[in-house]
Amino acid sequence: MKTLHKMGTMLLGMLIGSCVLSLSSFAQTTPQLTDPEIASVALTANKIDVDYALLAQKKSTNAEILRFAKTMQDDHNAVIAAATKLATKLGVTPKTNSMTQSLLDGAKTETKTLNSKTGKAFDKAYIDNEVAYHEAVVNAVEKVLIPQTQNAELKALLVQVMPTLKTHLEHAKMVQAAFK
C-alpha cells in the first residue's frame, strides 16, 4: 500500500512538478508561460480539485472527508470565480498549454483510480491525493506561476491565494493522519 501511495504521489508530482524548479529531474524543462497560459493553469488546477471534491461528496460517507471536500469545493470555486472575473476585466482569454494538458491528463488518470475504490479505501486514496495535489500546486504556484506572471493584478491574485492553498495542504495532512 505504501508503494502504491508513493507511486501516486510521484505521478502527481511529475504531472505538476514537471514545471517546478525544485524537482531536480525536471528543473531544466520548466516551461516559460504567458499570462493567458498561467490563467489556464490556475483555472484548470482549481477546477480539477473541485471535481475531486464532488467525487468525494458522491462516494464517501466519512464526515471528515465530506467536510474537507465541501471546503475544497467552496474555496476552489471562489478562486475560479475571482480568476474568471479578473480575466474578463483584463480581456485575457486563458490559453491551454502543455502544463494545463498535463494537469488534465493526470486528473483523468487519478479520477479513474478514485472511481475504482469504495469505502475506507476511497477515503484514504482521496485524502492521499489531496495532500500530493496540494503539495504540487503550492510548489508550482510559488516557483513557476507567480515568478512568471507579468500582469500585476494576476500576480496579486496568485499571491493572495497562496495562504489558502497552504491551509488546504495542512488541513489535508491532518485528515490524512487519521488514515495511517
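One structure accompanies this document, and this report is about it. (Residues numbered from 1 in each chain as written. Predicted model: local features only at pLDDT ≥ 70, side-chain atom pairs only at ≥ 80, totals over all residues. Heavy atoms only, no water.)

Considering the overall build of the protein
The line we're drawing: Elements are defined by DSSP. Helices are runs of H or I of four residues or more, strands are runs of E of two residues or more, and each kind is numbered from the N terminus. For every residue, the accessible area (1.4 Å probe, protein chains only) is compared with the maximum for its type, and the residue is labelled buried under 20%, exposed over 50%, or partly exposed between those bounds. What makes two residues a contact is simply this: any of their non-hydrogen atoms within 4.5 Å. Values of accessible area rely on a 1.4 Å probe in the Shrake-Rupley scheme; residue burial ignores everything except the protein chains shown.
On a plain count of helices and strands, the protein comes out with 6 helices and 0 strands. Moving toward the C terminus, one meets the helices and strands of the protein in the order α-α-α-α-α-α. Each of the 180 residues in the protein was classed as buried or not, and the buried ones make up 48%. Sequence-distant contacts in the protein: of pairs separated by 6 or more residues, those separated by 24 or more amount to 79%. For the protein, the accessible surface area stands at approximately 9100 Å², while carbon and sulfur atoms represent 61% of it.

As for the nonpolar core
This is how the line gets drawn: As used in this record, nonpolar core signifies buried Ala, Val, Leu, Ile, Met, Phe, Trp, Tyr and Cys residues forming a set joined through side-chain atoms within 4.5 Å.
Residues Tyr-126, Val-141 and Leu-145 are the most contacted members of the largest nonpolar core, which totals 47 residues. Put simply, the parts of the chain that give this core at least two residues each are helix 2 (35-59), helix 3 (63-90), helix 4 (98-115), helix 5 (119-148) and helix 6 (152-177). In terms of residues, this core owes the most to one element, helix 5, which gives 13 residues. In contact with Tyr-126, not counting residues within four places along its chain, are Tyr-52, Ala-53, Ala-56, Ile-65, Phe-68, Ala-69, Met-72 and Leu-114.

A few points about helix 5
Short version of the rule: The length a helix should cover is 1.5 Å for every residue beyond the first. We define the bend at each residue as the angle formed by axes fitted to the 7 residues ending at it and the 7 residues starting at it.
Between the first and last C-alpha of helix 5 there are 41 Å, a value that for 30 residues agrees with the 44 Å anticipated at 1.5 Å per step. The principal kink in helix 5, of about 40°, is found at Val-141. In terms of residue burial, helix 5 counts as a mostly covered element, since 22 of its 30 residues are buried.

What about the packing of aromatic side chains?
Rules: Ring pairs shown here join Phe, Tyr and Trp side chains whose ring centres sit within 6.5 Å, with only the six-membered ring taken for Trp; geometry is labelled stacked below 30 degrees between planes, edge-to-face above 60, and tilted in between.
Per the stated rule, a full pass over the model turns up 3 aromatic pairs. Between Tyr-52 and Tyr-133, the ring centres sit 5.7 Å apart and the planes meet at 85°, which makes this aromatic pair edge-to-face. Note that Tyr-52 is positioned in helix 2 and Tyr-133 in helix 5, a separation of 81 residues in sequence. Judged by relative accessible area, Tyr-52 falls into the buried class, the value being 2%. Ring plane angle 70° and centroid distance 6.2 Å describe the contact between Phe-68 and Tyr-126, whose orientation is recorded as edge-to-face. With Phe-68 in helix 3 and Tyr-126 in helix 5, the pair connects residues that are 58 residues apart, well separated along the chain. Judged by relative accessible area, Phe-68 falls into the buried class, the value being 0%. In textbook terms, an aromatic cluster arises when at least three aromatic residues are bridged by ring pairs, as seen for Phe-68, Phe-122 and Tyr-126.

As for helix 6
To be explicit about the condition: Polar contact is defined as a pair of N or O atoms within 3.5 Å, subject to the rule that within protein one atom must be able to donate a hydrogen and the other to accept it, and that residues adjacent in sequence are counted only when both atoms are side-chain atoms.
With 26 residues, helix 6 extends 38 Å from end C-alpha to end C-alpha; this agrees with the ideal 38 Å at 1.5 Å per step. Bending of helix 6 peaks at approximately 30° at the position of Met-162, with proline Pro-163 no more than four residues after it. When helix 6 is considered as a whole, its buried residues turn out to be Leu-154, Leu-157, Leu-158, Val-161, Met-162, Leu-165, His-168, Leu-169, Ala-172, Val-175 and Gln-176. The N-capping residue of helix 6, defined by a side-chain oxygen 2.8 Å from the backbone nitrogen of Glu-153, is Asn-151.

Things to note about the pattern of salt bridges
To keep it simple, the criterion reads: We count a salt bridge whenever a side-chain nitrogen from Lys or Arg sits within 4 Å of a carboxyl oxygen from Asp or Glu.
Tallied over the full model, the rule gives 8 salt bridges. Of the charged contacts, one joins Asp-74 and Lys-70 as a salt bridge, the two residues approaching to 2.9 Å between their closest N and O atoms. Placement of both Asp-74 and Lys-70 in helix 3 is noted, with a separation of 4 residues, approximately one turn of the helix. For Lys-124, the salt bridge goes to Asp-128, with nearest N and O atoms at 2.7 Å. Residue Lys-124 and its partner Asp-128 are both found in helix 5; the two are separated by 4 residues, about one turn of the helix. Taken together, the shared-partner salt bridges in this structure form one network comprising Glu-135, Glu-170 and Lys-173.

Any functional reading would require information that these geometric values do not contain.
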